[in-house]
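Close look at the chain arrangement
Here is how the chains run, residue by residue.
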Amino acid sequence: MNAVVATSVFAVFMVAAVALGLLALRGRGKGGGLTEWSVGGRSLGPVFIWVLMAGEGYTSFSYLGAAGWGYNYGAPVLYVVAYMSCGYAIGYVVGPMLWGYARRHGLVGITDMVAHRFGRPWLGAVVAVLATVFLLPYIQLQITGMGVVLSVISYGAVSLNWAYFVAFAVTTGFVVVSGLRGSAWVSVLKDVLVIATLGFLAFYVPLHYFDGYGPFLDRLVTEKSDWLTLPGHGGGGSGGSGLGELWFISTTFLNSLTVVIFPTTVAGYLGARNADALRRNAMYLPAYNVLLFVPMLLGLAALFVVPGLAGAESNLALFKLVVDSLPAWAVGVIGVAAGLSSIVPMAVFMLVIGTMWGRSVLSLVPRLAERQKAAAQVVVVVAGGLALLFTYTAPNTLVRLSLISYEGMAQLLPMVLLALVWRRLTFRGAFSGLIVGVAVVCVLVFSGNDPLAGVNAGLVALAANLAVALAVTFAGPRDADPRPDAEVLAHDPVGEEGDPPAATRAARSASDHRV
């Protein structure tokens, strides 16, 4: 009976979420072209942009991984709050710049920006392939996360294999039809449930199991003090985790820079109606991060309630508390919040991959150049299918690649960000640095040297990347690009509102056909 109640609640909310995504398309005809589908027609207001970008911080990791890290290590998991808050501060400057650059030139993603900046369409295709390698693991991890949630809240009645398929089917169908606008609308429902469920659990668990925060924190300090300082539990000694102060600082620094050029973050930037919406977002979003403390704290509480969880089981720390103490309908509602926290970011990941390939890779094929949106939608299905296939057949393959997702994506920083503010950076320099950076981060991660002497391997690789890029730039010839700085470089579009210039609108209409 518990399984029936919880899964019924889950199913009702999933249907409501899909219906909400479809409702977002009212008045949009058949969904418009690629720009409408991929960046919401650049017309999303402050509220939708806020909830959409907040979704970057609340994935299934918030309910599973954050609690699991808190359970296993303790304090090191706070790097998530640190880098996201710092990233929002950097995004206050970077977000409007990228928005203005894309708006002026009719671009829809980082692959477009790179191709336009260096005047080489094929370079956008290379970046699209590389970014897909780093994004695809996130889709698999979200499929896995939602599958685990559905299986747990059904009290084991729904097998993991079926739960994985449900996650894939719902998200793929949803994003193909509704695009970024639908994801933004569903983010509103998701955020209401996230705030309500995490706010409730923040008070309920300490009161239910420990008679309040005072006894809980006293017991934590007395019995689990290792979890409260860096490098956390099991972090010391020669065989420790290496998650000490240097790792915390270097990871926070690297991730806060990387998150502002992450393709899914940029999709949120480009969907905004104006640059002011992004600036307001950057000021308000850090307050939303306060909720991330809740799953981390509940992971620590689970140390006393469900001790002995090992390996992947530690990721279930929060849900074991929920299933153990709450009625089935409440389990279902919390499962819905966690499920939508998988669906919304997974949808954006899939949409971004589809957009990159439709715009920068498949558009190079003459027969597909006029059907970019249709090509992008096909890629969404293929990318989701691949992630689902690997979830079944090789669960550890892409999960292992996820170790280099952020660290690998960081290697795009010189090509995507530095190049837009510094004209002197040449194509040869940026491309050489990218190759070296990706090679270094792969070698360090897969040889077990991450962190290296306590420093995040991605930051070591980025330093090598920048060194090579600068050396090749200053040693080699200048790029023979006749375009003026205003055409190539980005700037803060203070006061820029409304539609892009007529020439840009004409170029966009030629490349963004309706299907």
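Everything numeric here is computed off the predicted structure, so don't read it as measured data. (Residues numbered from 1 in each chain as written. Predicted model: local features only at pLDDT ≥ 70, side-chain atom pairs only at ≥ 80, totals over all residues. Heavy atoms only, no water.)

Bringing the overall build of the protein chain into the picture now. When its secondary structure is counted, the protein chain shows 24 helices and zero strands. Of all intrachain contacts in the protein chain linking residues separated by at least 6 positions in sequence, the fraction that spans at least 24 positions is 84%. Of the roughly 19400 Å² that the protein chain leaves accessible, carbon and sulfur atoms contribute 68%. (Helix = DSSP H or I, 4+ residues; strand = E, 2+ residues; numbered from the N terminus. Contact = heavy atoms within 4.5 Å. Areas by Shrake-Rupley, 256 points an atom, 1.4 Å probe, with all protein chains shown as cover.)

Right, let's get into the packing of helix α20 (residues 413-421) against helix α22 (residues 457-475). Packing of α20 against α22 leaves a shortest axis separation of 11 Å and a crossing angle of 55°. Regarding the angle of α20 to α22, the classification is oblique. Here α20 runs over α22; the crossing is right-handed. On α22, the residues touching Leu 413, Pro 414 and Leu 418 of α20 are Leu 462, Asn 465 and Leu 466. (Axes fitted to C-alpha atoms, helices over the stretch in contact; angles between N-to-C directions. Parallel < 35°, antiparallel > 145°, perpendicular 65-115°, else oblique. Left-handed = near helix turned anticlockwise from the far one by under 90°.)

Turning to unusual backbone geometry, a few remarks are in order. Omega for the bond connecting Leu 230 with Pro 231 falls within 30 degrees of zero, at 10°, which places this linkage in the cis form. Its place among the elements puts Pro 231 in the loop between α10 (213-223) and α11 (245-258). Between Asp 450 and the following residue, Pro 451, the backbone shows a cis peptide bond with an omega angle of 5°. Locating Pro 451 in the fold gives a position in the loop between α21 (427-446) and α22. A positive phi is found at Asp 211, a non-glycine position, where the angle reads about 65°. The phi dihedral of Ala 453 is positive, around 55°, even though this residue is not glycine. With respect to the helices, strands and loops of the structure, Ala 453 is situated in the loop between α21 and α22.

Another aspect to go through is helix α6 (residues 79-105). Between its terminal C-alpha atoms α6 stretches 36 Å, which fits the 39 Å expected from 27 residues at 1.5 Å a residue. The sharpest bend along α6 comes to roughly 50°, located at Gly 91. Counting buried residues in α6 gives 21 out of 27 residues, a clear majority hidden from the surface. (Expected span 1.5 Å × (residues − 1). Bend = angle between axes of the 7 residues up to and from the residue. Buried < 20%, exposed > 50% of the residue type's maximum accessible area, 1.4 Å probe, protein only.)

This part takes up the packing of aromatic side chains. Within this structure, the stated rule accounts for 20 aromatic pairs. Ring plane angle 65° and centroid distance 5.3 Å describe the contact between Trp 69 and Tyr 73, whose orientation is recorded as edge-to-face. When the ring of Phe 262 is compared with that of Tyr 406, the centres are 4.7 Å apart and the planes differ by 20°; the resulting orientation is stacked. With Phe 262 in the loop between α11 and α12 (263-270) and Tyr 406 in helix α19 (residues 405-409), the pair connects residues that are 144 residues apart, well separated along the chain. (Phe/Tyr/Trp six-rings, centres within 6.5 Å; stacked < 30°, edge-to-face > 60°.)

The biggest cluster of nonpolar side chains holds 149 residues, and the ones touching the most others in it are Tyr 63, Ile 139, Ile 143, Phe 319 and Leu 412. Among the elements that make up this core, the one with the highest residue count is helix α16 (residues 328-361) (19 residues). Not counting the four nearest positions on each side in its chain, Leu 412 is found in contact with Ile 110, Val 127, Leu 130, Ile 261, Leu 417 and Leu 434. (Core = buried A, V, L, I, M, F, W, Y, C linked by side-chain atoms within 4.5 Å.)

So, on to the pattern of salt bridges. On inspection of all chains with the given rule, the structure shows seven salt bridges. Taking the shortest distance from any N to any O, the salt bridge between Arg 219 and Glu 223 comes out at 3.2 Å. A residue pair is termed a helical-turn pair when its members lie 3 or 4 positions apart in one helix, as Arg 219 and Glu 223 do in helix α10 at four residues. Overall, Glu 223 belongs to the partly exposed group, its relative accessible area being 46%. (Salt bridge = Lys/Arg side-chain N within 4 Å of Asp/Glu carboxyl O.)

Once that is clear, we can look at the side chain of Thr 197. Relative to the helices and strands, Thr 197 resides in helix α9 (residues 160-210). Under the relative-accessibility criterion, Thr 197 is labelled buried at 5%. Within the local environment of Thr 197, its side chain forms a polar contact with the backbone oxygen of Leu 193, the two atoms lying 2.7 Å apart. (Polar contact = N/O pair within 3.5 Å; in protein donor to acceptor, adjacent residues only side chain to side chain.)

Looking at the protein chain, the pLDDT average stands at 84 and 86% of residues meet or exceed 70. Scored below 50 in pLDDT, residues 498-515 shows 29 contacts in the model against residues more than four places distant or in partner chains. (pLDDT = per-residue confidence, 0-100.)

Turning next to a nonpolar patch on the surface. A cluster of nonpolar side chains, namely Tyr 92, Val 93, Met 283 and Tyr 284, defines an oily patch on the protein surface of about 420 Å² accessible area. Going through the elements one at a time, α6 and α13 (275-288) are the ones with two or more residues in the nonpolar patch. Along the chain, Met 283 turns up in helix α13. Among the residues examined, Met 283 registers a relative accessible area of 52% and is labelled exposed. (Patch = residues over 30% accessible without salt bridge, like charges linked within 9 Å, V, L, I, M, F, W, Y side chains within 5 Å.)

Moving on, we come to the packing of α9 against helix α15 (residues 317-325). A packed helix pair is summarised by two numbers, namely the angle formed by the two axes and the spacing between the axes. At a minimum axis separation of 12 Å, α9 and α15 run at an interaxial angle of 65°. With respect to each other, α9 and α15 are oriented roughly perpendicular. Considering how the two elements wind past one another, α9 and α15 form a crossing that is left-handed. Contacts between α9 and α15 involve Leu 201, Tyr 204, Val 205, His 208 and Tyr 209 from the first element and Leu 318, Leu 321, Val 322, Asp 324 and Ser 325 from the second.

Residue position: Phe 13 is located in helix α1 (residues 2-23). Leave out the neighbours within four places in its chain, and Phe 13 touches Leu 193 and Val 336.

It is worth spelling out the environment of Leu 470 at this point. Among the structural elements, Leu 470 can be located in helix α22. Residue Leu 470 is classed as partly exposed on the basis of its relative accessible area, which comes to 34%. Along the chain, Leu 470 and Ala 430 lie 40 residues apart, while their C-alpha atoms are 8.1 Å from each other.

Over its 14 residues, α13 extends 20 Å from the first C-alpha to the last, a length consistent with the 20 Å expected when each residue adds 1.5 Å. The largest bend in α13 amounts to roughly 35° and is located at Ala 282, with the proline Pro 286 lying one to four residues further along. When we look at burial in α13, the residues that qualify are Ala 275, Ala 277, Leu 278, Arg 279, Asn 281, Ala 282, Leu 285 and Tyr 288. Sitting at the head of α13, Asn 274 places a side-chain oxygen 3.2 Å from the backbone nitrogen of Asp 276.

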